[in-house]
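Remarks on the overall topology
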Amino acid sequence: MTKDLLTVEHIEKTFAGAEGPVQILNGVSFSLGHGETLALTGESGSGKSTLLHIIGGLETADAGSARIDGADIVSVDDAGRAALRRGTISVVFQQFNLIPSLDVAANISFQARLAGRSDPGWNATLSERLGLSDHLRKYPEQLSGGQQQRVAIGRTLAARPKLVLADEPTGNLDPETGDEVLTLMLELVTETGAGLLCVTHSERVARRLDRRLTLSRGQVA
Amino acid sequence: MIRAGLSALLSHWRRHPIQLLTLIIGLATATALWSGVQAINAEARASYAAASATLGDNARPYLTSGGPIPHATYIALRRAGHQVTPLTEGTLDTEAGPLRILGLDPFTQAPGETFLDGLEPGDTSFLAPPGQLLVAPQTVRALEGSALPPRMAVEGVAPDQAVADIAIAQGLLNRPGEIDRLIITGPASLTAPPISDIAPGLRLTDPSDEVDTARLTDSFHLNLTAFGLLSFAVGLFIVRGAIGLAFEQRRPVFRTLRALGLSRSVLIGLLSVELLILALLAGAIGVALGWLIAALLLPDVAATLRGLYGAEVGGSLTLKPVWWVSGLGIAVLGTGIAALASLWQTARMPLLAPARPRAWALASERAMLGQALAALACGAVALVAWALGGSLLAGFVMLGGMLLGAALALPLILHRVLGLLSHTSRGPRSEWFWGDARQQLPGLTLALMALLLALSANIGVGTMVSSFRLTFIGWLDQRLAAELYIRAETDTQAREIEAMISDRVDAILPIRSAPTTLGGQPGEVYGVADHATYRDHWPLIARSPGVWDTVAAGAAVLINEQLARRADLWPGDQVKIGDWDAPIGGVYSDYGNPQPQAMIGLNRFAQMFPEAPDLRFGVRMPPEGIAALRREILDRFVLPADQISDQRAIKDLSLGIFERTFTVTAALNVLTLGVAGLAILTSLLTISTMRQPQIAPVWALGMTRRQLAALDLARAALLALLTFGLALPVGLALSWVLLAVINVEAFGWRLPLHLFPRDWLALGALAVVAALIAALLPALRLSRIPPSELLKVFANER
Amino acid sequence: MRGKSPFRLARRGFLASLLPAMAQAQGFAGLGHSNASYAEPDPEARFRFPEDHGPHPAFRIEWWYVTANLTGPDGAPYGVQWTLFRSALDPNPAAFAASQAWLAHAALTTPTAHFASERRGRGGTGQAGVTADPFAAWLDDWSLAGPSFDDLRMRAASDVFAYDLRLRTGARPVPQGIEGYSVKSFEGTASHYYSQPFYEVEGALTLPDGPVSVTGKAWLDREWSSSPLSKDQEGWDWFSLHLGDGAKLMGFQLRDRTRDAFTAATWIGPDGTTTPLPPGAFTAEPLEIHRSNGREIPVRWRVTLPQKGVDVTVTALNPNCWMPLSFPYWEGPVTVAGTHDGVGYLEMTGYE
């Protein structure tokens, strides 16, 4: 088990709903190996986004553990989660990934610099590969949706995270652009050797990943 | 339809209570400061008008004879048709120290001014022996158990004075039938012969001809009014922000309503009605708050004016209907001004424009450039007003142009400064910090403009008042170099006093004056002795070599600053005094006197004005003996106490006035700054919800909410500091305009500008603290925001 | 009101109370009702002249009240009022110097203008007073004085108007009420009251436009009492009319809060014989109301006295004869038409 990149055990999460507590996650366990890509699918409300947020240190779990390279992100405090977000994990969201007040170049290098391992050569390579070289001085609001998601992917990989989390990264794009962005993301993730956990409800996307995990009513189906 | 439309519009406020609160608070505080200051002004003016008319009848002309005026003379004047009322005064030694008794005749005091109007109907205890003494409440306590007639506490009597019926007073002072002054209360009958035919020995004095310290109160009121106006402007920035946001957010609602068939004019009408309701509501709150402010500050203002007039005035406030109306009026007017642009935009809004919500806060750099151009235009207007100059109005236009220009230029300047500072950033955090500060700027613009105005006003008015105080005190020290100043009633009395004191004092310096024309204007010329007192102390602001010798020899004159500035006459020029083309030897500062004035050597004066009375003189003497000598003179001669004045008492009085002025100015400073702080708070609260797209990615990438909150606090402090940096030169320019332009136009004298860096440090710190306090609540909210709120940014749920 | 500067209080206060008669008329009830210390009118007392022309300081209030209907050389009508009130502040006249307060009103009325002025003074100082023989009444430069009560010079001036008139008569003063005892209410409160309605006048007025010489008739009222009004009486309407046939009519009604007005009148024949009329014989009914500054003033009246065949309309020469003084009231010249014609004066209080 220790050789796995990510080990999730018995994660539970309950939210306060309008009509009493609602259990979203009910003892979810799974693991992900180094360099492995996993599609997390399930119906709306199955808890897949919440699970991703917990693993990404963006949300806390009520019980269970999620070890990333040995560190349990569930049991550390706010500052600890922030440190893991900076150095180990990186998230690509469906939209609004970018910092509006920084230009493309600064957005790409932002997380890497926060983690203290920015590599200008690698940044340039990424920009080149993502087709962003001509847009480095632009601001996010000046880019199309597809371009914005490329920047988000560039930023994620520039930090060389061990684990990339993606939450419907192509959900807001038309199918053609979505395929293009997904292809780029998979290529680059594979090249860096990171693991990928991608929440999606798109069959097209799920089919292109190594493995698939389906959630239903807060449990692995 | 109209009702449905109105309820659709008003529902916005239910969903955005903070915006509503912002609007109401902004308008209410603006109205409060404005109407509070107006109330203080009005109340103060009314108070000293009443005080000067009633108590000593200071402002009325009066007759004196140099000794007691016989009762028969008084009756003869009344029976000839002259409206005169008698006054007998004197000092009694009491357990509580010397008590000045003022004996007045309530029957002949001017109608509506006699203090008996305030007594109970049918109560004759004031007139019937043993009579009654009207004294200040503290004097009642001090005199407890005294054998004097019964005391009655009356607000408005000076602490060491007692007012009594004249017959009672004459009995107490053992001066039956003797009258010191006859005060003229009104016009004489058509058939009345001249006073000189009936009582040839009486001399008429008209206090309104004398040096008029009331000019200083005008200056005081001008400050207060300017402050009130600035405070109101500061408040309007808040209102403008809230209204602008409310209109922007409701654009879709407007479109829907229009699409449903509501006409443009009905929509604008509904919006106007809505604003009117809000303005009246906030205005009412504001007037009430203003009343509170005025009630709290009035005791200090009353004390200030008491200092100026030497008489207590009412320290409480009457709430007048006109006050409510004007307060509500200014609130409606202010709302109208603040809403004009928004209403205009709404009226011109096309029905089917793309419903792309362009966030109002994200004004582009182009908008900033537009504002900067407007700022340049304002600056140009200010410069033109300065160049044309020559009037009070030009001074105020200059002031307004300067302040508005500075406020409009603020966003671009801050944007550029933040851009420059961002180059210093090393890590990604500081890079984001600077970038985000620039991003946030448009949303904070109005609040920062308000802060700029508040700080500039603080620096400007504070510098002016402090400079004025420093100059005025220095001038008093120079001008009042003699220890004692005496004005006798007659020449004979003057000679007798001189004879009595001549071997007990160091020097007697005659002060003679005569009205004449100075360079074609009516003015006063003074004859002064050649004495070291003048050579060493007289406050000359321009002089020619050997000036005192030539003046003493009668070969040159000194003129006051008012005359010099008005007629542009300086040493080397000549001024016509009567028939004499007098060379000007020097110019002296002369605060508190609106008239042209000149000084010439005593011998020359005696030649030119042999008829001029020789009644006044200054006395140089060791300070220990002053009190005893003053008392002795008052005991031996019939002389109203205010005609023999102790230099130190005058100085203490003046100093007291300025301390009080400071109290009021300081209180208004804090209030104005408070309003600006409120503007920052409400702006930050407003933009905090719109800022989540900025915050969420940074948080997701590995910064804690606590770190982000700390950065927000730092940004607020930084913006306040930068604004203060700009406010400093603006405030100094403001004080320069007040001292060197407005004062010259309004009062005829120019005051040197003194700098008070320590005050600036304190103010800068205060500005940062205010901004931190304002930012604290939004920062706390940020540090505790649930992650799910931030995560919504990335999801479709938004 | 505590803590407020007394200097700013309303004008009506102590000084209004110096005039208890007026103060009572204005509703200051309880001010010395039958104060045992002051003298009370005596129905048995008979006038003694010239002594009774002088002051009666044992009584609380007293007045010397002259009104004149005058005509200019061009026939223009004028009215003049000269009034001196005495008010005792203490029942013992020697108690203190200012124990007597004096107040004078002077007015001059033209068909288009009305001037009113007031003076106040304290007794015991020479500023104001009255002597019986030779007769002199004065306050400041205003005076009514002459070698005898039959030959008087009446003067007053303000800063905008003045008059100087000579009043002469050969007739004797006329007692009002029952031998000078004039009842003023159903409760029986009363005053001593006589009149001299037969003065012939000549002299000069000084108006803002210049001097005018005038002739005409004057009516003098003398009255003293201590508490003439009952506490529910709120004001009076007082008529003094010179009728065309030489007869004179004095009539008044005292308006009451709780019941009908109390009316009384005296008919004075051209030869000076008097007929006192019982309460109710005289009636006065407003015909026209003049509205001015929020006040409603009756300026035309129907006046009847059936016993003497009188049914006339009394009309103000100038409706704006308001006296805006320490205590405000309306007083001005009137014309009479109907069964009799003539001129006269009307005084109305309690319309504030």
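Residues numbered from 1 in each chain as written. Chains lettered and ligands numbered in written order. Predicted model: local features only at pLDDT ≥ 70, side-chain atom pairs only at ≥ 80, totals over all residues. Heavy atoms only, no water.

Re the overall build of chain B
The criterion, for reference: Working definition: helices are DSSP H or I runs of at least four residues, strands are E runs of at least two. Numbering for both runs from the N terminus. Only protein chains enter the accessibility calculation, which uses a 1.4 Å probe; a residue is then buried when its area is under 20% of its type maximum, exposed when over 50%, and partly exposed in between. Residues are treated as being in contact if the distance between any of their heavy atoms lies within 4.5 Å.
What chain B contains, in helices and strands, is 24 helices and 20 strands. With 798 residues in all, chain B has 56% of them scored as buried. Look at the contacts in chain B between residues 6 or more apart in sequence, and 80% of them connect residues 24 or more apart.

What about the environment of A:N107?
Residue and element names in this part refer to chain A. When you line up the elements, N107 lands in helix α3 (residues 104-115). Residue class for N107 comes out buried when judged on its relative accessible area of 0%. Put simply, N107 and T156 are 49 residues apart on the chain and 9.8 Å apart in space, counted from C-alpha to C-alpha. When near neighbours in sequence (up to four residues on either side) are disregarded, N107 contacts L98, I99, L102, P140, V151 and R155.

As for the pattern of salt bridges
The following threshold applies: Any Lys or Arg side-chain nitrogen found within 4 Å of a carboxyl oxygen on Asp or Glu counts as a salt bridge.
Scanning all chains against the criterion turns up 45 salt bridges over all chains. Here the salt bridges do not stand alone but share partners, grouping B:R78, C:R119, C:D140 and C:D141 into one network.

Some points on the interface of chain B and chain A
The parts lose accessible area when they come together, and the size of an interface is often stated as this lost area. Where we set the bar: The term buried area refers to how much accessible surface (probe radius 1.4 Å) is lost by two components on association, counted for both of them together.
With 27 residues of chain B in contact, the opposing surface of chain A contributes 25 residues. Across the chain B to chain A interface the summed buried area is about 2400 Å²; carbon plus sulfur atoms make up 58%. Of all residues in chain B, B:P428, B:L701 and B:F794 give up the largest surface area on contact with chain A, accounting jointly for 27% of the area buried on that side. If you look at where chain B meets chain A, you find 2 salt bridges.

Remarks on the pairing of strand β3 (residues 84-94) of chain B
Residues and elements named next belong to chain B. The test is simple: Two strands make a pair as long as DSSP finds a minimum of two bridges between them.
Of all 11 residues making up β3, 9 are buried, and the element is well covered by its neighbours. Pairing between β3 and strand β4 (residues 97-104): 8 bridges, direction antiparallel. Looking across to β4, one finds that L87 is bridged to L104. Remark: 2 residues form the turn of the hairpin made by β3 and β4, two consecutive strands paired antiparallel.

Some points on the packing of aromatic side chains
Convention followed: Geometry of aromatic contacts follows a simple scheme: Phe, Tyr and Trp rings, the Trp one being its six-membered ring, pair when their centres are within 6.5 Å, and the pair is stacked under 30 degrees between planes, edge-to-face over 60, tilted otherwise.
Per the stated rule, a full pass over the model turns up 23 aromatic pairs over all chains. Taken together, a centroid distance of 5.8 Å and an interplanar angle of 20 degrees make the contact between C:F47 and C:F49 stacked. The interplanar angle of 25 degrees and the centroid separation of 6.0 Å between the aromatic rings of C:F115 and C:F161 together place this pair among those described as stacked. Here C:F115, found in strand β4 (residues 114-122), pairs with C:F161, found in the loop between β8 (151-157) and β9 (162-168); they are 46 residues apart in sequence, far enough to count as distant. Looking at C:F115, the relative accessible area reads 17%, which means it is buried. Judged by relative accessible area, which is 0%, C:F161 ranks as buried. Each member of the aromatic cluster is reached from another via a ring pair, and the members are B:Y534, B:W538, B:W548 and B:Y588.

Concerning the packing of helix α2 (residues 78-87) of chain A against α3(A)
Residues and elements named next belong to chain A. Selection rule: Fitted lines through C-alpha atoms serve as axes, helices being fitted only where they are in contact, and the angles separating the N-to-C directions of these axes extend from 0 to 180 degrees. To sort the angles, those under 35 degrees are grouped as roughly parallel, those over 145 as roughly antiparallel, those from 65 to 115 as roughly perpendicular, and the leftovers as oblique. Take the far helix as your reference; a near helix turned counterclockwise from it by less than a right angle gives a left-handed crossing, and one turned clockwise gives a right-handed crossing. As a working rule, the residues Ala, Val, Leu, Ile, Met, Phe, Trp, Tyr, Cys and Pro are called nonpolar, Asp, Glu, Lys and Arg charged, and the rest polar, with Gly in that last group.
Between α2 and α3, whose axes approach to 8 Å, the crossing angle comes to 125 degrees. Taken together, the axes of α2 and α3 lie oblique to each other. Crossing angle aside, the handedness with which α2 passes α3 is left-handed. Contacts between α2 and α3 involve R85, R86 and G87 on the former and, on the latter, Q111, L114 and A115. Looking at side-chain class alone, the contact of α2 with α3 contains 2 nonpolar, 2 polar and 2 charged residues.

Details of the nonpolar core
This is how it is decided: Take the buried residues of types Ala, Val, Leu, Ile, Met, Phe, Trp, Tyr and Cys, join any two whose side-chain atoms come within 4.5 Å, and each joined set is a nonpolar core. Residue ranges for the domains originate in an automatic or database domain assignment.
One finds A:I11, A:F30, A:L51, A:I55, B:W432 and B:L558 to be the most contacted residues of the largest nonpolar core, which totals 152 residues. With 24 residues, the top contributor of residues to this core is helix α13 (residues 428-479) of chain B. Each of domain 1 (1-59 + 215-360) and domain 3 (481-649) of chain B gives at least three residues to this core. Setting aside its immediate chain neighbours within four residues, A:F30 contacts A:L6, A:T7, A:V8, A:L38, A:L51, A:I55, A:L197 and A:L213. Of all hydrophobic cores here, the second largest spans 39 residues; its members include C:A106, C:F115, C:Y199 and C:W224.

Some remarks on the sheet that holds strand β7 (residues 163-167) of chain A
Residues and elements named next belong to chain A. Strand order in the open sheet formed by 6 strands is β6-β7-β8-β3-β9-β10, and the pairing between neighbours is mixed. The open sheet is flanked by β6 (89-92) and β10 (219-220), the only strands paired with a single partner. Bridge count between β7 and strand β8 (residues 195-199): 5 bridges; the pairing is parallel. Along β8, the bridge assignment pairs L163 with G195. Docked against the sheet, helix α6 (residues 175-192) engages β3 (37-42), β7 and β8, running at close to 150 degrees with respect to β8.

Considerations on the confidence of the model for chain A
Let me state the cut-off plainly: Every residue gets a pLDDT, meaning the predictor's confidence in that residue, from 0 to 100.
Mean pLDDT for chain A: 87, with 99% of residues reaching 70 or above. Taken element by element, the predicted model of chain A shows its lowest mean pLDDT in β10(A) (85) and its highest in β8(A) (92).

Quick look at a nonpolar patch on the surface
All names here are of chain B. For the record, the criterion: Like charges within 9 Å and nonpolar side chains (Val, Leu, Ile, Met, Phe, Trp, Tyr) within 5 Å are joined into patches, using only residues over 30% in relative accessible area that form no salt bridge. Residue burial considers only the protein chains on display, and all accessible areas are found by Shrake-Rupley using a 1.4 Å probe.
Residues L281, I285, L289, W291, L292 and L296 make up a contiguous nonpolar surface patch of roughly 550 Å² in combined accessible area. Mapped onto the fold, I285 is located in helix α9 (residues 264-309). For I285, a relative accessible area of 38% corresponds to the partly exposed category.

Looking at the pairing of strand β9 (residues 211-216) of chain A
All names here are of chain A. Inspection of the sheet shows β3 paired to β9 by 5 bridges, in the parallel sense. Across the sheet, the residue bridging to T41 is T214, located in β9. One ladder, built from 2 bridges, connects β9 with β10; its direction is antiparallel. For S216, the partnering residue across the bridge sits in β10 and is Q219. Counting the residues in the hairpin turn of β9 and β10 gives 2 residues, including R217, whose phi is positive at 50 degrees.

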